[in-house]
Amino acid sequence: MEKISGAEALMRSLEHEGVDVLFGYPGGAIMPTYDALYDHKESLHHILVRHEQAAVHAAQGYARVSGRVGCAIVTSGPGAMNTITGVADAMIDSTPMVVICGQVGAAMLGTDAFQEVDVVGVTQPITKWNYQIRRAEDIPWAVARAFYIAKSGRPGPVVLDFAKNAQTAMIEYEPQTVNFIRSYNPVPQTAPDTIQKAAQMINESVKPFMLVGQGVELAGAREELLALCEKAQIPFGQTLLGLSAAPTDHPLNMGMLGMHGNLGPNVMTNQCDLLIAVGMRFDDRVTGNLKTYAKQAKVIHFEIDPSEIGKNVKPTLAVLGDCKQTLAAVTKFVEPACRPSWIEGFKPYADKEFSKVINPAINPTEGPLLMGEVVRKVSEAANNEAILVTDVGQNQMFGCRYFKYTKPRSVVTSGGCGTMGFGIPAAMGACYGAPERTVCMFCGDGGFQMTIQELGTIMENRIPVKMILLNNNFLGNVRQWQYMFFNKRYSFTPMVNPDYEKIAEGYNIPCRTVVERKDLDEAIKEMLSTDGPYLLQCAVKEEDNVLPMTPPGANVDEMLLDVK
């Protein structure tokens, strides 16, 4: 057999796994691999980011919209450490990703060599699996195992720490495929009796309510979800990451759950007699005070990860397995139902929220621009078919609340970690993961500056991301909490911002600033019709607040519709 270097073996292994895009940044300990990549530029399209954190966020964006494994490649030491935030983010948000880090040679490990860091030790708590490749012979096996673990079961990140000697050593290469690991059970077996019991509980319920999480998206179970809900007439609410698991305008879709979700689904959580959770983890932002959360209801939890069962909310019945299969199985035994009075019970809350919160947010007639109206106008101008990417903060909550979704895999946001700086690089990755779709990224002035250097990546590659900067000259979400809970003491949240138009001009990215409401529609049309990237800066109301809001520690149904 032909002998090739370990670095070349990595390239061929990545190609064997179907990788087509890499996000990365070269350096000393990964240089042999980058030398091998030079001969694979046609098959492995490498995007040179400007900071390693952006490489992992871009890989996340790619994975979230494509359903494939995102891939990032960086050097050792500071290069590897700069990926940690993204790895942790991918772990808590169940994003399939493989990060390949250079490392000093095996003979130098433990000597505090130049740019040596214990990457395996650091990333062990925030990965599904990590492994240090010390021998070139282990490369095909390690790569195949990494991709299998990252994408199977509940997805997540894997880190490969790639010693430099393993990159340069010569081996006889043979590709490997891994689809079974003896000690790893990605999809737990579904107990048949749980299917029958779940159907029985649904049939006996009078006021069932379903919580739809990102697990439905990850499983590709939209049809199965809607088939069950429509047959049994079960209204549903969606978590932040599960917002595009069903169309916004579906008649059974009652809106977003959680701290800044919609009033109806939050209130009715504490009025239903059966709570059905699908592919969600009962995050504290969804449940509010656990001591009072849905205590009146029986709970069914459809889940692929056994460790989530009973972690926060103890279910009456757990249905383990892939929800694409388990939802379909339960639907067969569910009786057709009609629940008009229960479903209509959501309407007064929706009407109240619309009149007090939503309509003023999206249809203002005077005053400064509002974030909600900008988001809704962009969504509608894109025919409600675009991918929404957000940064973190008020832009995230306004974005997710007022964007509309018709297609699956249309929400890319940092949920569990709440990572500022996520937006720009994640949007770059989304453009490569779904090149046929429009990607609209909403960002605040704080998060925008955390990864502003990636405008260079966008410039170099002409990545067609549409960036909407909601500029309120504040760290808006922290300011809102200071306003509501810290006696309006704005401690280090006002911001003095640069001239973003000049910055965009320096990166050769078209930019327009909108201050007046009368100019907004035309500016959005210009943005969406422009080939390549575009930055639309909107000067929005400085002290706008995201409402409704469940205060921290409050009951899920104790939502505020206004603030004093």
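Remember, it's a predicted structure, so these values are computed and weren't measured experimentally.

**Student:** For the sheet that holds strand 10 (residues 236-238), give the residues involved together with the corresponding values.
**Tutor:** If you trace the six strands from one edge of the open sheet to the other, you get 11-10-9-12-13-14, paired in parallel fashion. In this open sheet, the two edge strands, each paired with only one partner strand, are strand 11 (253-256) and strand 14 (317-320). The mean angle between the axes of side-by-side strands here comes to 20°, regardless of whether they run parallel or antiparallel. As paired elements, strand 13 (residues 298-303) and strand 14 share four bridges and run parallel to each other.

**Student:** Got a sec to walk through the packing of aromatic side chains? Specific residues and values, please.
**Tutor:** Enumeration according to the criterion identifies 15 aromatic pairs in this entry. When the centroid spacing of 5.1 Å and the interplanar angle of 75° are considered together, the rings of Tyr131 and Trp141 count as edge-to-face. Highlighted residues: Tyr131 in strand 6 (residues 129-133) and Trp141 in helix 7 (residues 139-151), separated in sequence by ten residues. Here Trp141 falls in the partly exposed class, since its relative accessible area comes to 29%. Ring pairing ties together the aromatic residues Phe23, Tyr62 and Tyr432, which thus form one cluster. Lys41 extends its terminal NZ or CZ atom over the ring of Tyr38, reaching a point 4.0 Å from the ring centre. Directly above the ring of Trp129 sits Arg145, whose terminal nitrogen or CZ lies 5.0 Å from the centroid.

**Student:** Tell me about the pattern of salt bridges, residues and numbers included.
**Tutor:** The final tally for this structure, using the stated rule, is 20 salt bridges. The shortest N-O distance in the salt bridge between Asp284 and Arg285 comes to 3.4 Å. With a relative accessible area of 43%, Arg285 lands in the partly exposed category. For Arg512, the salt bridge goes to Glu522, with nearest N and O atoms at 3.8 Å. Of this pair, Arg512 sits in strand 19 (residues 511-514) while Glu522 is found in helix 24 (residues 520-529), placing the two residues ten residues apart along the sequence. Judged by relative accessible area, Arg512 falls into the buried class, the value being 18%. What makes Glu522 exposed here is its relative accessible area of 51%. Several salt bridges share partner residues, and in doing so they unite Arg154, Asp305, Glu308 and Lys311 into one network.

**Student:** Could you give an account of the pairing of strand 9 (residues 208-212), naming the residues involved and the relevant values?
**Tutor:** With five of five residues buried, strand 9 lies mostly within the body of the structure. Relative to strand 10, strand 9 is paired through three bridges, and the arrangement is parallel. Within strand 10, the residue paired with Met210 across the bridge is Phe236.

**Student:** Please give an account of helix 24 that cites residues and values.
**Tutor:** Residues Leu520, Ala523, Ile524 and Met527 constitute the buried set of helix 24. Seen along its axis, helix 24 keeps its buried residues to an arc of 100°; they face one direction. Turned more than 90 degrees away from the buried face of helix 24 sit Glu522, Lys525 and Ser529, all of them exposed. Those residues of helix 24 hidden inside the fold are in contact with helix 17 (371-381), strand 18 (466-471), strand 19 and strand 20 (534-539).

**Student:** Provide a residue-level description of the sheet that holds strand 17 (residues 439-444), including the pertinent values.
**Tutor:** Spatial strand order, 16-15-17-18-20-19: six strands in an open sheet with parallel pairing. Either end of the sheet is taken by a strand with one partner, and the two such strands are strand 16 (411-412) and strand 19. By the bridge criterion, two bridges tie strand 15 (residues 387-390) to strand 16 in an arrangement that is parallel. Note that in strand 16 the partner of Val389 across the bridge is Val412.

What counts and what doesn't
Residues numbered from 1 in each chain as written. Predicted model: local features only at pLDDT ≥ 70, side-chain atom pairs only at ≥ 80, totals over all residues. Heavy atoms only, no water. Pairing = 2+ DSSP bridges. Helix = DSSP H or I, 4+ residues; strand = E, 2+ residues; numbered from the N terminus. Axes fitted to C-alpha atoms, helices over the stretch in contact; angles between N-to-C directions. Phe/Tyr/Trp six-rings, centres within 6.5 Å; stacked < 30°, edge-to-face > 60°. Buried < 20%, exposed > 50% of the residue type's maximum accessible area, 1.4 Å probe, protein only. Lys NZ or Arg CZ within 6 Å of the ring centre and 35° of its normal. Salt bridge = Lys/Arg side-chain N within 4 Å of Asp/Glu carboxyl O. Arc of directions from axis to C-beta. Contact = heavy atoms within 4.5 Å.

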